[in-house]
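# Structural description and commentary
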Amino acid sequence: MGYLMKSSITVLPFLILAVLAGACSANSVAAVDGAGDGKLNVVATTGMIGDLAINIGGDYVEVTSLMGSGVDPHLYKATAGDVRALEQADIIFYNGLHLEAGMSGVLERMSDQRPTTAVTKSIDPSVLSAPPEFAGAYDPHVWFDVSLWKQAAEVVRDSLIELDPAHSSEYQVNASSYLEELDELDNYVREQIQRIPEERRVLVTAHDAFNYFGQAYGIEVAGLQGISTATEAGTADVQDLASLIVERQIPAIFIESSVPQRNIEAVQAAVEARGFDVRIGGELFSDAMGNPGTPEGTYPGMVRHNVDTIVSALTQE
Ligand SMILES: [Zn+2]
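About the cut-offs
- Residues numbered from 1 in each chain as written.
- Predicted model: local features only at pLDDT ≥ 70, side-chain atom pairs only at ≥ 80, totals over all residues.
- Heavy atoms only, no water.
- Helix = DSSP H or I, 4+ residues; strand = E, 2+ residues; numbered from the N terminus.
- Buried < 20%, exposed > 50% of the residue type's maximum accessible area, 1.4 Å probe, protein only.
- Contact = heavy atoms within 4.5 Å.
- Areas by Shrake-Rupley, 256 points an atom, 1.4 Å probe, with all protein chains shown as cover.
- Polar contact = N/O pair within 3.5 Å; in protein donor to acceptor, adjacent residues only side chain to side chain.
- Donors = N, O, S within 2.8 Å, 3.2 Å for Na, K, Ca; no water.
- Tetrahedral: all angles 85-135°; square planar, octahedral: opposite > 155°, others 65-115°.
- Core = buried A, V, L, I, M, F, W, Y, C linked by side-chain atoms within 4.5 Å.

### Some remarks on the overall build of the chain
The number of helices and strands found in the chain is ten helices and eight strands. The proportion of buried residues among the 317 residues of the chain is 52%. Pairs at least 24 residues apart make up 69% of the contacts formed inside the chain by residues separated by at least 6 positions. With an accessible surface of roughly 13,900 Å², the chain has 52% of that area assigned to carbon and sulfur atoms.

### Some thoughts on the side chain of T120
Tracing the sequence through the fold places T120 in the loop between β4 (116–118) and α5 (146–163). We classify T120 as buried; its relative accessible area is 5%. Here the side chain of T120 touches N95 through a polar contact of 2.7 Å, landing on its backbone oxygen. Those residues in contact with T120 that sit more than four places away from it in its chain are N95, G96, L97 and V142.

### Concerning the coordination of the zinc ion
Coordination of the zinc ion by the protein comes from H74 (NE2), H141 (NE2), H207 (NE2) and D287 (OD), over a distance range of 1.9 to 2.1 Å. Every donor counted, the four donor atoms about the zinc ion form angles of 95 to 124° at the centre, which fits tetrahedral coordination. All donors of the zinc ion belong to a single chain; written as a sequence motif, their spacing is H-x66-H-x65-H-x79-D. Linking H74 in the loop between β2 (61–65) and α3 (80–87) with D287 in the loop between β8 (279–284) and α10 (299–315), this pair joins segments that are 213 residues apart in sequence. Across this residue pair, the class does not change: H74 and D287 are buried.

### As for the nonpolar core
Ranked by internal contacts, the top residues of the largest apolar core, which has 58 residues, are W149, L160, F213, Y299, M302, V303 and I310. Mapped by element, the contributors of at least two residues to this core are β1 (40–44), α2 (47–57), β3 (91–94), α5, α6 (168–194), α7 (211–217), β7 (252–256) and α10. Looking at this core, the element that brings in the most residues is α5, giving nine residues. Among residues more than four places away in sequence, those in contact with Y299 are M48, D51, W143, V146, W149, Y178, L182, L185 and M289. Of all hydrophobic cores here, the second largest spans 17 residues; its members include L224, V238, I253 and F276.

### Some words on unusual backbone geometry
One non-glycine residue, L97, lies in positive phi territory at about 55°. Relative to the assigned elements, L97 resides in the loop between β3 and α4 (104–111).

Following this line, the structure appears as structure tokens:
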């Protein structure tokens, strides 16, 4: 009921504005609201970006996230349904930094037709890492440094305001409270990681998604596969990682929800073959959030889940 009321109130001024504005570019409010429900039709690639739009857009957006739980964004290709959703979007948000490598063609095409924004665009390149094995490109996994993800939130806020200035103050208020939540989250992660004995602060996962996390919160990271899952891990990689684990006596390693479990199990087997036992410490949500409606189905929830899982596994005797 409350929702219907709100819609009817927002639609009228919008229609008047649209008529007055006449023919405008795709960036203007006249092009907004293809669905006719008074809400902006926002399409995000990953769930983490969708979560930004849901929190900041609030009652004025309808958000579609193309990549659900368990989906690997490095390998994901747009379906016919995705292309339709993108074509009907008032605005498209994507990560950028080559995260959505399989979608680069369709995103580029869309950018000619719809406002299409990389949420990482305002992050200073000097804070980005460009690992040599990633062929000169930047590591795209910025969402695991919460302070960097705050900059992504600001990009979403500013883009919504530009597209729909009539609701500027609502977007501002929503963004402020979300940014505050992210500040608390940032502090939480930092405090929790400190609980791990210093010599055990090593995070071994299926692929290199946690470099920014490690830099921000003071934990060493090692991934079996590189920055992108597009390159398969070789036997030598498995053996190298197994050596590191035995040498450092690392008690637990982690699987990722969007990467096949067998990869990290191969490392566990190689460690066992050297006479050391390493536990699977749990499942981390690296490149995709959990199912909608679960705590891990939101960005703050996924980060908390990861930190709690890591800390619990690495502090256990
Ligand atoms: Zn990744």
